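Breakdown of the fold
Listed below, chain by chain, are the residues.
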Amino acid sequence: MAVKLAGLKDNARKTAIDELQACMTDAAALSMALKQAHWNLKGPNFIAVHELLDAVKARLDPNIDEMAERIKQLDGQAIGTVEAVAGGTRLAPYPTDLTATEDHLREICDRMRAYGGRVREGIDAIEEVGDQDSMDLLTDASRQADKDLWLLQSHLD
Ligand SMILES: [Fe+2]
């Protein structure tokens, strides 16, 4: 049986489902990239960056969960398999041969920036159709992504 939220037009529901799915797909790819960097980096700031990457992931993962569960409230299907993420993300494949902390930070910042941009696209698209709650959810995710990008990028400048 469908949830059928009252006061939401069908096109708002459909647009929000598509945008939330695209954002959660990029977030899931980013989440795995954060671990790839967390495990493999080496360098003078090792412990600070190693721990920061895990903290960023710990703030990102609940947003993936919120996006997926909002899709269910909108009567959509949340797709979070590794195959769907690999096939659907706009993020570039994460290099598997890096070790230097700076190289990992650059790669992660590129992907944080791309993810943040995708979430902002989602906010704009959903604003046009009028689902304030999905917009609010993505706005939280976007604000967090901006802050974490700043924390990561500050190690490079
Ligand atoms: Fe760890």
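Anything mentioned here points back to the structure above.
Everything in this summary refers to the structure shown in the same document.

About the thresholds
- Residues numbered from 1 in each chain as written.
- Predicted model: local features only at pLDDT ≥ 70, side-chain atom pairs only at ≥ 80, totals over all residues.
- Heavy atoms only, no water.
- Helix = DSSP H or I, 4+ residues; strand = E, 2+ residues; numbered from the N terminus.
- Rg over C-alpha atoms; globule rule 2.2 N^0.38 Å.
- Contact = heavy atoms within 4.5 Å.
- Areas by Shrake-Rupley, 256 points an atom, 1.4 Å probe, with all protein chains shown as cover.
- Expected span 1.5 Å × (residues − 1).
- Buried < 20%, exposed > 50% of the residue type's maximum accessible area, 1.4 Å probe, protein only.
- Arc of directions from axis to C-beta.

What follows is about the overall build of the protein. A tally of helices and strands in the protein yields five helices and zero strands. Ordering the α and β elements of the protein from the N terminus gives α-α-α-α-α. On C-alpha atoms alone, the protein measures out to a radius of gyration of 16 Å, which is about the 15 Å that the 2.2 N^0.38 rule sets for 157 residues. Counting only C-alpha atoms, the protein reaches 55 × 30 × 20 Å along its principal axes. Within the protein, contacts between residues at least 6 apart in sequence are counted, and of these 79% link residues at least 24 apart. About 8400 Å² of surface is accessible on the protein, with carbon and sulfur atoms providing 52% of the total.

In this section: helix α5 (residues 132-153). Over its 22 residues, α5 extends 31 Å from the first C-alpha to the last, a length consistent with the 32 Å expected when each residue adds 1.5 Å. Listed as buried for α5 are S134, M135, L137, L138, A141, S142, A145, D148, L149 and L152. Buried residues in α5, looked at end-on, bunch into an arc of 155°, giving them a common side. Of the exposed residues in α5, those oriented more than 90 degrees away from the buried face are Q132, D133, R143 and W150. Against the buried residues of α5 lie α1 (10-40), α2 (46-73) and α4 (101-129).

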